[in-house]
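Structural description and commentary
Residue-level listing of the chains:
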Amino acid sequence: MNLFDYTRPASVEAAIAAWVPGAAWLGGGTNLVDLMKTGAMQPGKLIDVTRLPGLDRIETLPDGSTRIGAMVRNADLAHDAGFARAFPMVAEALLSGASGQLRNAATVGGNLMQRTRCAYFADPHSACNRRTPGAGCDARGGDTGGMAVLGWSPACIATNPSDFCVALAALEATVEVQGTGGKREIAFADFHRLPGDTPEIETALQPGELILALRLPAEAAQFAANSRYLKLRERTSYAFALVSAAAALRLDGGRIVAARLALGAVAAKPWRVASAEALLVGQAPEPALFARAAAEAVAGAAPSGENAHKIELARRIAVRALTAAAQGTPDRMPALPASVFGEPAHV
Amino acid sequence: MSLSISLTVNGAVRDVTLNDARVTLLDLLRERLALPGTKKGCDRGQCGACTVLIDGRRINACLTLAATLDGAEVTTIEGLACGDMLHPVQAAFIDHDGFQCGYCTPGQIMSAVGLIAEGRAGTDPERIREGMSGNLCRCSAYHGITEAVLDATTRIAAEKARKSA
Ligand SMILES: Cc1cc2nc3c(=O)[nH]c(=O)nc-3n(C[C@H](O)[C@H](O)[C@H](O)COP(=O)(O)OP(=O)(O)OC[C@H]3O[C@@H](n4cnc5c(N)ncnc54)[C@H](O)[C@@H]3O)c2cc1C
Ligand code: SF4
Ligand code: FES
Ligand code: FES
């Protein structure tokens, strides 16, 4: 690990003033400290933001939206009874990620900003355009089984690993940030970026900007009765997604009146396809319809290596998630969150 | 850059001066505070061997920078027993053969203490397995571990009921 300065400012203003080029915000450290150990990240200064006042709350705003402070720990958000009732799919996505220990440490802001799990990215001895612009990409032609099948470019084929972000994309969250230029809001769809020719630019966050909070609009809670997050992985727990899907429906009189569908671990950002959602609206929730919507969601997918299987898996997990959402959100969090194994969706 | 922190470890206040900020809680415990019970497996958050409690919550000590812990209360495996009286989770691990080589065991036990305190897994073995998934066991003592956590959950609940009666 490189040497670095450590500071723990007492206010948001002081934190923003403490930022210098090469500095990094420190949340739970579960991603940053790991990457500092490999040498993939070498910040000269860590600004510990975990104790900033007022950012550890979950609140309902006058317009009915829910505001989640960036320092709320992943476990605390998932287990907040009111939050889990309104946004069960988000809670399930959170609980399907990492482990009990890691979720106790991980912050909301850190989860949004976590880096790809591409092994070549984490290893400073490998060439990686995302880590070192212009260096090349050792993943291509290497171990590509888990890499992107949508939205990738010749420069980078990595995926965004977050489960949480897939559910947030489906529910149209917004991200509140603050920098020296003041506060602004970023729509979730614009938050993470596809690689193009500049994979090193991963999010819409400008250098020195700090995530303050996340907001879920009031309409997002209208999907509470029919929403699921499902995730395929190499073991049932404590593993990143191979592919995942967040599916949310609003049903009225036997018809779908609103639909959301986002895929995870298929691209450098959560993959939401408006045309797939549009297919669902106005229709009765039936297997043939879900198959058509899922096919639309992966339209344009192409393997970036030895990973054509991910396209079929993504299509299938989308069908499973839509089917499970139509059956209804389980009354209680499944014992194995987001798993296709174990108890049936309806318990 | 030298940093001074004060934290409580297993009930005792420890004032520590770090000569640089890179020290993790795991290295602090093992190498500077003479508490080697907490184990280093992967050092990258992937195995759970380093699990300890911070302010009552289980976390991975290998990914926690010591500098962040000024004022925190840390509990390690060394802080569980009362003299010769084992903590109910420790006793249950022995009764149910919850280990073989024992390397993962301090982490398993601290994780189980944290899980039981969280109070959500109850006595459903599937929820216990899921709740303990952050702790790998190379010897694959998983069956005994699950039985031990189940038993300890029941023992702790009974003890609580007796105390409040
Ligand atoms: C073994 C293991 C398994 C995992 N499995 C999963 C999984 O299955 N699914 C999943 O989704 N995740 C998984 N994770 C990742 C985990 O969710 C992230 O590491 C965690 O959410 C990051 O949060 P943090 O607070 O620890 O961030 P940190 O490590 O502190 O920071 C991560 C990044 O975010 C930046 N940052 C932090 N806070 C802010 C802020 N407020 N504003 C702007 N930037 C900020 C940091 O500078 C850094 O670049 C796993 C991690 C490990 C180690
Ligand atoms: S796929 Fe992207 S992150 Fe992985 S090595 Fe290539 S450029 Fe780096
Ligand atoms: S040593 Fe900390 S998780 Fe493996
Ligand atoms: S008892 Fe040997 S690793 Fe678990």
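Residues numbered from 1 in each chain as written. Chains lettered and ligands numbered in written order. Predicted model: local features only at pLDDT ≥ 70, side-chain atom pairs only at ≥ 80, totals over all residues. Heavy atoms only, no water.

Our next topic: the overall build of chain A. Within chain A one finds 13 helices and twelve strands. Relative to the compact-globule value of 20 Å for 347 residues, chain A shows a C-alpha radius of gyration of 20 Å, a close match. Dimensions of chain A, computed from C-alpha atoms along their principal axes, come out at roughly 60 × 50 × 35 Å. Counting the 347 residues in chain A, one finds 58% classified as buried. Here chain A displays about 13200 Å² of accessible surface, and carbon together with sulfur accounts for 53% of that area. The distance from the centre of the 33 positive side-chain charges to the centre of the 32 negative ones in chain A is 2 Å. (Helix = DSSP H or I, 4+ residues; strand = E, 2+ residues; numbered from the N terminus. Rg over C-alpha atoms; globule rule 2.2 N^0.38 Å. Buried < 20%, exposed > 50% of the residue type's maximum accessible area, 1.4 Å probe, protein only. Areas by Shrake-Rupley, 256 points an atom, 1.4 Å probe, with all protein chains shown as cover. Lys, Arg positive; Asp, Glu negative; His and termini not counted. Charge placed at Lys NZ, Arg CZ, Asp CG, Glu CD.)

Our next topic: the domain arrangement of chain A. According to the domain assignment, chain A contains domain 1 (5-50) and domain 2 (225-327). The straight-line distance from the C-alpha centre of domain 1 of chain A to that of domain 2 of chain A is 36 Å. (Domains from an automatic or database assignment.)

With that out of the way, let us pick up the site of ligand 1. Taken together, 36 residues lie near ligand 1, and Trp25, Thr30, Leu32, Thr107 and Asp163 of chain A sit nearest. Around ligand 1, the neighbouring residues derive from chains A and B rather than from a single chain. Thr30 of chain A has a polar side-chain atom sitting 2.7 Å from an oxygen atom of ligand 1. The set of elements that each furnish at least two residues to the shell around ligand 1 consists of strand 2 (23-26), helix 7 (108-113) and strand 8 (210-216) of chain A. (Near = heavy atom within 4 Å. Polar contact = N/O pair within 3.5 Å; in protein donor to acceptor, adjacent residues only side chain to side chain.)

For the rest of this paragraph, the subject is the site of ligand 2. Within the structure, ligand 2 sits among 13 residues, and Cys118, Cys128, Cys137, Cys156 and Ile157 of chain A are positioned closest to it. With respect to the pocket detection grid, ligand 2 is positioned in the second largest cavity. (1 Å grid on protein atoms, 1.4 Å probe; cavity = no way out; pocket = protein on both sides within 12 Å on 5 of 7 lines; lining within 4 Å. Sits in = over half its atoms within 2 Å of the grid points.)

Counting residues in hydrophobic clusters, the biggest one holds 55 residues, and the most contacted among them are Leu112 and Leu214 of chain A. At seven residues, the largest contribution of residues to this core is made by helix 9 (residues 164-170) of chain A. Structurally, this core is a two-domain feature, drawing no fewer than three residues from each of domain 1 (5-50) and domain 2 (225-327) of chain A. Counting 51 residues, the second-largest nonpolar core is a separate cluster that includes Leu26 of chain A together with Ala21, Leu33 and Ala72 of chain B. (Core = buried A, V, L, I, M, F, W, Y, C linked by side-chain atoms within 4.5 Å.)

Residues and elements named next belong to chain A. For the structure on display, the rule yields three cavities of 30 Å³ or more. Its boundaries defined by the atoms lining it, the largest cavity holds a volume of some 110 Å³. Residue lining of the largest cavity: 13 residues in total, with Gln114, Arg130, Asn160, Glu202 and Ala268 positioned closest to the centre. As a volume, the second largest cavity reaches approximately 80 Å³. (Points joined across faces, edges and corners; volume = space filled by probe spheres on them.)

This brings us to the side chain of Ser162 of chain A. The topology assignment puts Ser162 of chain A in the loop between helix 8 (119-122) and helix 9. Ignoring sequence-local partners within four residues, the contact set of Ser162 of chain A consists of Asn111 and Gln114 of chain A. (Contact = heavy atoms within 4.5 Å.)

On the side of chain B, 35 residues touch chain A, which itself brings 39 residues to the contact. Both faces combined, the contact of chain A with chain B buries some 3100 Å², and carbon together with sulfur accounts for 49% of it. Of all residues in chain A, Tyr6, Gln101 and Tyr238 of chain A give up the largest surface area on contact with chain B, accounting jointly for 22% of the area buried on that side. Where chain A meets chain B, there are four salt bridges. Close ionic contact of Lys37 of chain A with Asp43 of chain B constitutes a salt bridge, the shortest N to O distance being 3.0 Å. Taken together, the links from chain A to chain B amount to 20 residue pairs in polar contact (both at pLDDT 80 or more). Put simply, the parts of the chain that give the side of chain A that touches chain B at least two residues each are strand 1 (5-7), helix 2 (32-38), strand 3 (45-48), helix 3 (74-79) and helix 6 (100-105) of chain A. At five residues, helix 6 of chain A tops the list of elements feeding residues into the side of chain A that touches chain B. Residue composition of the side of chain A that touches chain B, grouped by class: 16 nonpolar, eleven polar and twelve charged. (Buried area = accessible area lost by both parts, 1.4 Å probe. Salt bridge = Lys/Arg side-chain N within 4 Å of Asp/Glu carboxyl O. Nonpolar A, V, L, I, M, F, W, Y, C, P; charged D, E, K, R; others polar.)

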